[in-house]
Amino acid sequence: MGRRILNDALRTIVNAERRGKASVELKPISTVMSSFLRIMKEKGLTLLFDPKFVYLSKNIILSAHWCEGSVSGEAKIETCYIKNFQVHDPHRVGRITVDLQGRVNDCKALTYRQDVKAKEIEEYTERTLPTRQWGYVVVTTPDGILDHEEAIKRNVGGQVLGFFY
């Protein structure tokens, strides 16, 4: 039952993104779902650039931050997969409100939890994600719920929860 809850929530996010919705409400909730959403919020694309040479269209709205300690006025653009999420009434059935960014192309949870060793995570990632540049595989490990990059850094394996890109 718990695996299906995560899968239904992620499919709801993808369907809302495709329809161009600004936010989506997820019911019922679980702690695994909020951990998965936390990883989606933290991870994303980070670009360093010199603002003199970059022209951004008026249609593209990105937040640019000046890097502390950056040389020659580099700017940093960070975009994440979701803007924010809020958990309402977690002790009962509860709900999560997710503010969407329009960056999620696909997001799936595995209804069967596949065991992956630390040295097999890279191979699994290459098979699952479309390219090496985008996307993350989410793994539940003894160190907690991590994305594949953090699991490789810590050299821990676990069970694959799902992926997003």
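Every chain is numbered on its own, with residues counted from 1 as its sequence reads. Per-residue local features are limited, in this predicted model, to residues with pLDDT of at least 70; the limit for side-chain atom pairs, both in listing and counting, is 80 or more; totals at the level of whole chains, interfaces and linings are taken over all residues. Only hydrogens and water are set aside; all other atoms, that is, all heavy atoms of the structure, feed into the side-chain values.

Engineer: Is there a simple way to explain the confidence of the model for the chain in this structure?
Structural biologist: Detailed reading of the predicted coordinates is not advisable wherever pLDDT falls low. Taken residue by residue, the chain gives an average pLDDT of 82. The fraction at 70 or more is 78%. Each residue carries a pLDDT score, the predictor's own confidence in it, on a scale running from 0 to 100. Any two residues having at least one pair of non-hydrogen atoms within 4.5 Å are treated as being in contact. Confidence over residues 56-71 falls short of pLDDT 50; this stretch has 19 contacts with residues more than four positions distant or in other chains.

Engineer: Would you take a moment to explain the nonpolar core for this structure?
Structural biologist: If you look at soluble globular proteins, the nonpolar side chains tend to sit buried side by side. In this text, buried Ala, Val, Leu, Ile, Met, Phe, Trp, Tyr and Cys residues form a nonpolar core when linked through side-chain atoms within 4.5 Å. Think of it in three bands: residues with accessible area under 20% of the maximum for their type are buried, residues over 50% are exposed, and the middle band is partly exposed, with areas taken using a 1.4 Å probe on protein chains only. Ranked by internal contacts, the top residues of the largest apolar core, which has 29 residues, are Leu26, Phe36, Leu37, Met40, Val98 and Phe164. The greatest single-element share of this core, amounting to seven residues, is contributed by helix 1 (residues 2-19). Excluding its chain neighbours within four sequence positions, the residues that come into contact with methionine 40 are Leu10, Cys80, Tyr81, Ile82, Val104, Cys107 and Phe164. Strands are runs of DSSP state E lasting at least two residues, helices are runs of H or I lasting at least four, and both sets are numbered from the N terminus onward.

Engineer: Could you clarify how one ought to interpret the sheet that holds strand 5 (residues 82-88) in this entry?
Structural biologist: Within a beta sheet, neighbouring strands are joined by backbone hydrogen bonds and run either parallel or antiparallel to one another. Strand order across the open sheet formed by three strands is 1-6-5, with antiparallel pairing between neighbours. Each having just a single partner strand, strand 1 (23-26) and strand 5 make up the two edges of the open sheet. Direction aside, the axes of adjacent strands within the sheet are offset by 15 degrees on average. Any two strands are treated as partners once DSSP identifies two or more bridges connecting them. Bridge count for strand 5 against strand 6 (residues 95-100) is six bridges, and the pairing is antiparallel. When the bridges of strand 6 are listed, glutamine 86 appears paired with threonine 97. To define axes, lines are fitted to C-alpha atoms, for helices over the stretch in contact only, and angles between the resulting N-to-C directions are given on a 0 to 180 degree scale. Sitting on the sheet, helix 2 (residues 31-42) touches strand 1, strand 5 and strand 6, and the angle it makes with strand 5 is about 155 degrees.

Engineer: Looking at this structure, how should I read unusual backbone geometry?
Structural biologist: A negative phi angle characterises most non-glycine residues, just as the trans form characterises most peptide bonds. Omega for the bond connecting lysine 27 with proline 28 falls within 30 degrees of zero, at -20 degrees, which places this linkage in the cis form. Note on placement: proline 28 falls in the loop between strand 1 and helix 2. Residues other than glycine seldom take positive phi values, yet asparagine 155 does so here, at roughly 60 degrees. The residue asparagine 155 is located in the loop between helix 4 (148-154) and strand 10 (158-164) in this model. With a relative accessible area of 59%, asparagine 155 lands in the exposed category.

Engineer: Explain helix 3 (residues 121-128) here, please?
Structural biologist: Note: α-helices contain 3.6 residues per turn, so residues at a spacing of three or four share the same orientation. Where helix 3 is concerned, the buried positions are Ile121, Tyr124 and Thr125. An end-on view of helix 3 places all buried positions within 100 degrees of arc, on one side of the element. Of the exposed residues in helix 3, the ones pointing more than 90 degrees away from its buried face are Glu123 and Arg127. Contacts from the buried residues of helix 3 go to strand 7 (107-116), strand 8 (136-141), helix 4 and strand 10. Throughout, the arc means the angular range of directions from the helix axis out to the C-beta atoms.

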